[in-house]
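Given next are the chains, with one letter for each unit.
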Amino acid sequence: MILDSKIPSGPLETKWEKHIADGKLVNPANKRKYEVIIVGSGLAGASAAATLGELGYSVKCFTFHDSPRRAHSIAAQGGINAAKNYQNDGDSVYRLFYDTIKGGDFRSREANVYRLAQVSVNIIDQCVAQGVPFAREYGGLLANRSFGGAQVSRTFYARGQTGQQLLLGAYSTLSRQIGLGTVKMFPNSEMLELVLVDGHAKGIVTRNLNTGAIERHSAHAVVLATGGYGNVFNLSTYARNSNCTAAWRAYRKGATFANPCYTQIHPTCIPVSGDYQSKLTLMSESLRNDGRIWAPKKEGDRRPPNEIPEEERDYYLERKYPSFGNLAPRDISSRAAKEACDEGRGVGETGLGVYLDFKDAIERLGESVIKERYGNLFDIYKEITNENAYEVPMRIYPAVHYTMGGLWVDYNLMSNIPGLFVTGEANFSDHGANRLGASALMQGLADGYFVLPYTIPHYLAEIPRDPAPPTSHEAFSETEEEVTTRTQRLLTNGGKQTVKSFHKRLGNLMWDYCGMARNKAGLETAIQEIPKLKEEFWDDVNVPGEGSELNQSLELAGRVGDFLELGELMCRDALAREESCGGHFREEHQYEDGEALRDDENFSHVAAWEFKGDGNAPERHIENLEYEAVKMVTRSYK
Amino acid sequence: MNVTIRVWRQKNDQSEGRFEDHEAKDLNPNMSFLEMLDVVNEDLTNAGKDPIAFAHDCREGICGTCSCMINGKPHGPESGVATCQTYMRSFQDGDVIVVEPFRAKAFPIIKDLVCDRSAFDSIMHSGGFISIRTGSAPDANAIPIGKEVADMAMDAAACIGCGACVAACKNSSAMLFVSAKAGQLNLLPQGKPEKDARVLNMVATMDEAGFGNCTNQYECSAACPKEISEEFISKLNRDYLAASVKSVFKAVPSTMG
Ligand SMILES: Cc1cc2nc3c(=O)[nH]c(=O)nc-3n(C[C@H](O)[C@H](O)[C@H](O)COP(=O)(O)OP(=O)(O)OC[C@H]3O[C@@H](n4cnc5c(N)ncnc54)[C@H](O)[C@@H]3O)c2cc1C
Ligand code: FES
């Protein structure tokens, strides 16, 4: 299979402009006749649905949530990057582009990232016009903060609730289009299959989560904006219901899955406290602007933090990475925390934690300034741990947070299945092997407001101008049959073990063998164990209740069934990538000082996996990454 | 610790509901309330019974999905938190905890503790936005906005759309929800041109959806997990009055967008 990235020719700076100019347009009178299905109403989905609706297309937007406003994007805390250079600190489109490429450890596609940096400035304009209440300075202009992996202040934020405010902005413009009738919204509707007609994506089959009704929907094109798959690890910072089903079903229908092993483990999360735990909570990276990270120098030092004198503390990020210090990128900071804990210097009951300390910042700026900046995060910390971080340092530990991998897409954000577009966290395109803070929100909105509305029309203008296929088409009946068979099988399985128990076991395997550090033997073990667990799942899972009503066990069972397959693919991908890069750290490939050792000669490519049928090994295809504008260098934050 | 939950079970909107008692044993006080329900549900599933349906997603107080009445209070005993941010340490060993769905005419019950809050979306469709075309926005710093105004707009915008305000109100009024969204947009210069139409449309849709009238008891604000101030209600009342007067003279367009 040839993965054609369709990168436009010409200099990097003008590729996008040229591409827009070269594309065909859809006649305004015809737009209404084109139907577009958008699955997902997070930042990527809501922004695309609103914009395409506004342009005149007939849009149908689906979400398994009860309202578009509840998508997982709502939980993003810290901020969104844009190359506005409002702080006059030397930022530019090029610098944001370069930081993102470098942050991704030279494993992302240059042209996509450059476009992302270009449109980043429009995003902020758009959001402010919608009424998004970004933080402001006393003079009335927009405020900024810094995030990891950057030496400029380019992150816009709305207290610790940036994702919420951006999503509510997108949801409000979407609401307007729903009111005007250009977008038809389908909440409580979970896509369970993709429908292909003559090799093109032409529809989906959904289950109404409240009534159990299985429904068919057809269109001229389908967009998946269905988010990331981090819940394959069971415990993560994701919302509990985030899942991989839409992307996975598309993969099984022929869409290639790119770089599945690239997962981001975020350094600053509240440590796991017990076996009952259902989710991990992020403490925003923005805290690292003022908090200092340390572990005791001595092994097994169990003294309370405030009793450990200054000279016995190891501010290990400042020590190892003096130029970025506490703002070293996420992959690096997470590994450094793991290292300290592996050396027996971890803190807290479990020994799996390090300190994030605000003592110096409070002394320098006063408690009220710290409260103003991070008050709600300190409150969340208090609620969960019952500790006051103004007085004792926070305890933090890395947790699964984001997935850089996703369905493969070309420059137009179209997968290798014609008519199937993938945006936001669900695609693989912009973050390489590690995503920088505050750039997922940027990407989701860039894709939805400013990229897809140009590229989908190019596709629509090229296909025959016929109505979308009728849902009575045999492709729809066959696909519906697949869905009902699978659902029935889960419901009538009569097994003994709960769905949750399988999810937990899968999560443990993934964390142990495909987590922060990976090695050949471990990955091979996982590749043996996961299929066995999958078999046990289908033999012995207990799914209570009926299919014709709200059935949360059934929903989870379908999702865990898919995670069990995806988990195996992630391990295969991690095994095949014999190098360390970004979030993918192979113990066999490191420098003497423990830094990640990339192998540009053999692995400077995207690995995209093709499904070859149940029981067969998937096939690994590659797209070579060619850098025109930047030189690949060893990524250093020292 | 051990507790008993007296929990509302109802198959669907059409059927009758009833309370059922379940034991939750060997709990850790640092467990969240929803994690306690997870434990009960695992037990129910293993015993071959139907687990309790409850709404949840982010489990960190931001998505607005979770929605339990706990001992008669929306989101439980602590103020300023959602159900998912309620921890077992707020209860005593041996407690009987009564758990119900949010109840209101405009929020029909779907199953057990899950209710339908789509009426909030309908209110949003009728005016909870600023009509701005993608790509046509001026530079973000073109209109400076005083920090106080921006902060106040953010206070209103913090609403998570959970419906606790409605559940807390004896009239099931949605005024706090509507006033928070309208308040945010009306405060900002960008939102001024459509202010009157927004207020009239959102209030009209709220009435049609079956929410009751506000009689200024402010139970809503007390129950709000984001502690949104009742002052936004007073502000909405003023804006509504002004818009109504103008609309008599046909100075307000009846539609937006
Ligand atoms: C705690 C936390 C904090 C974060 N903070 C930041 C930050 O400060 N800055 C930043 O840039 N990024 C941050 N991120 C990352 C960022 O929030 C996400 O990557 C981003 O919001 C993803 O947006 P999305 O639109 O792609 O997907 P999502 O917001 O996950 O939306 C997915 C949508 O798809 C729907 N969906 C999924 N599957 C189906 C299906 N089968 N059928 C129907 N509908 C379906 C869902 O209902 C939902 O509407 C954070 C992430 C976390 C976990
Ligand atoms: S589950 Fe999201 S607010 Fe409670």
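Only a predicted model underlies this, so the values are computations on that prediction, with no experimental measurement involved.

Visitor: Please explain the overall build of chain B as it appears in this structure.
Guide: When helices and strands are counted, chain B shows eight helices and seven strands. Evaluated residue by residue, chain B yields a buried proportion of 60% over its 257 residues. Residue pairs in contact within chain B that sit at least 24 positions apart in sequence constitute 70% of those at least 6 positions apart. Surface exposure of chain B reaches about 10100 Å², of which carbon and sulfur atoms provide 50%.

Visitor: How do you make sense of the domain arrangement of chain B when you look at a structure like this?
Guide: The parts lose accessible area when they come together, and the size of an interface is often stated as this lost area. Residue and element names in this part refer to chain B. Under the domain assignment, chain B is made up of domain 1 (3-110) and domain 2 (118-251). Here the C-alpha centroids of domain 1 and domain 2 sit 30 Å apart. The largest contributions to the domain 1 side of the interface with domain 2 come from Pro74, Ala106 and Phe107, which together make up 33% of the buried area. Connecting domain 1 to domain 2 are zero salt bridges. The class makeup of the residues in the side of domain 1 that touches domain 2 is eleven nonpolar, five polar and two charged.

Visitor: What's the story with the interface of chain A and chain B in this structure? I'm lost.
Guide: Listed as interface residues are 73 residues of chain A and, on the opposing side, 75 residues of chain B. Buried surface at the junction of chain A and chain B, both sides included, amounts to about 6100 Å², of which 50% is carbon and sulfur. Counting the surface chain A buries against chain B, the share from its top three residues, Arg70, Arg176 and Tyr276 of chain A, is 12%. Run the count over chain A and chain B and you get nine salt bridges. As a salt-bridge pair, Glu546 of chain A and Lys11 of chain B come within 3.6 Å of each other at their nearest N and O atoms.

Visitor: How should I be thinking about the domain arrangement of chain A in this particular structure?
Guide: Residues and elements named next belong to chain A. What the domain assignment lists for chain A is domain 1 (265-401) and domain 2 (481-597). The gap between the C-alpha centroids of domain 1 and domain 2 is 30 Å. Facing ten residues of domain 1, the contacting portion of domain 2 comprises ten residues. Contact between domain 1 and domain 2 buries roughly 890 Å² in total, counting both sides, with carbon and sulfur atoms accounting for 61%. Of all residues in domain 1, Ile265, Arg335 and Lys338 bury the most surface against domain 2, accounting for 51% of the area lost on that side.

Visitor: Any chance you could explain helix α6 (residues 162-180) of chain A here in plain terms?
Guide: Owing to its 3.6 residues per turn, the α-helix aligns residues three or four sequence positions apart on the same side. Residues and elements named next belong to chain A. If you check α6, its first and last C-alpha atoms are 27 Å apart, about what 19 residues at 1.5 Å a residue would give, namely 27 Å. Of all 19 residues in α6, 17 are buried; the element is thus mostly enclosed. Gly181 occupies a position one or two residues after α6 and carries a positive phi of about 85°.

Visitor: Got a minute to help me understand the packing of helix α3 (residues 147-157) of chain B against helix α5 (residues 175-187) of chain B in this structure?
Guide: The relative placement of two packed helices comes down to the angle between their axes together with the axis-to-axis distance. Residue and element names in this part refer to chain B. Between α3 and α5, whose axes approach to 8 Å, the crossing angle comes to 160°. When the axes of α3 and α5 are compared, the pair comes out roughly antiparallel. Pair α3 / α5 crosses with left-handed handedness. Here α3 contributes Val149, Met152, Ala153, Ala156 and Ala157 to the contact with α5, which in turn contributes Ala180, Gln184 and Leu187. Taken together, the residues of the contact of α3 with α5 sort by class into seven nonpolar, one polar and no charged.

Visitor: Help me understand the pattern of salt bridges in this model?
Guide: Should the charged atoms of two oppositely charged side chains come close, the side chains can pair. Residue and element names in this part refer to chain A. Taken as a whole and assessed by the stated rule, the structure comprises 78 salt bridges over all chains. Residues Arg577 and Glu579 are paired through a salt bridge, measuring 2.8 Å at the closest nitrogen-oxygen approach. There is no split in this pair, since Arg577 and Glu579 are both buried.

Visitor: It is not clear to me how the site of ligand 1 should be interpreted in this structure. Could you clarify?
Guide: Residue and element names in this part refer to chain A. Within the structure, ligand 1 sits among 36 residues, and Thr63, His65, Ser73, Met191 and Glu425 are positioned closest to it. In the model, an oxygen atom of ligand 1 is placed 2.5 Å from a nitrogen or oxygen of the Ser73 side chain. Contact distances for ligand 1 include 3.2 Å between an oxygen atom and a backbone N or O atom of Ser439. Relative to its unbound accessible area of 1000 Å², ligand 1 is 98% covered by the protein chains. Of the residues forming the shell around ligand 1, the biggest block, three residues, is contributed by strand β6 (residues 189-197).

Visitor: I keep staring at the sheet that holds strand β1 (residues 3-9) of chain B and nothing clicks. Help me out?
Guide: By way of backbone hydrogen bonds, the strands of a sheet pair with one another, either parallel or antiparallel. All names here are of chain B. In spatial order, the strands read β2-β1-β5-β3-β4; together these five strands make up an open sheet with mixed pairing. Edge positions in the open sheet fall to β2 (18-24) and β4 (73-74), since each of these has one partner strand only. Alignment of β1 against β2, held across seven bridges, turns out to be antiparallel. What sits directly across from Thr4, in β2, is Glu23.

Definitions and limits used
Residues numbered from 1 in each chain as written. Chains lettered and ligands numbered in written order. Predicted model: local features only at pLDDT ≥ 70, side-chain atom pairs only at ≥ 80, totals over all residues. Heavy atoms only, no water. Helix = DSSP H or I, 4+ residues; strand = E, 2+ residues; numbered from the N terminus. Buried < 20%, exposed > 50% of the residue type's maximum accessible area, 1.4 Å probe, protein only. Contact = heavy atoms within 4.5 Å. Areas by Shrake-Rupley, 256 points an atom, 1.4 Å probe, with all protein chains shown as cover. Domains from an automatic or database assignment. Buried area = accessible area lost by both parts, 1.4 Å probe. Salt bridge = Lys/Arg side-chain N within 4 Å of Asp/Glu carboxyl O. Nonpolar A, V, L, I, M, F, W, Y, C, P; charged D, E, K, R; others polar. Expected span 1.5 Å × (residues − 1). Axes fitted to C-alpha atoms, helices over the stretch in contact; angles between N-to-C directions. Parallel < 35°, antiparallel > 145°, perpendicular 65-115°, else oblique. Left-handed = near helix turned anticlockwise from the far one by under 90°. Near = heavy atom within 4 Å. Polar contact = N/O pair within 3.5 Å; in protein donor to acceptor, adjacent residues only side chain to side chain. Pairing = 2+ DSSP bridges.

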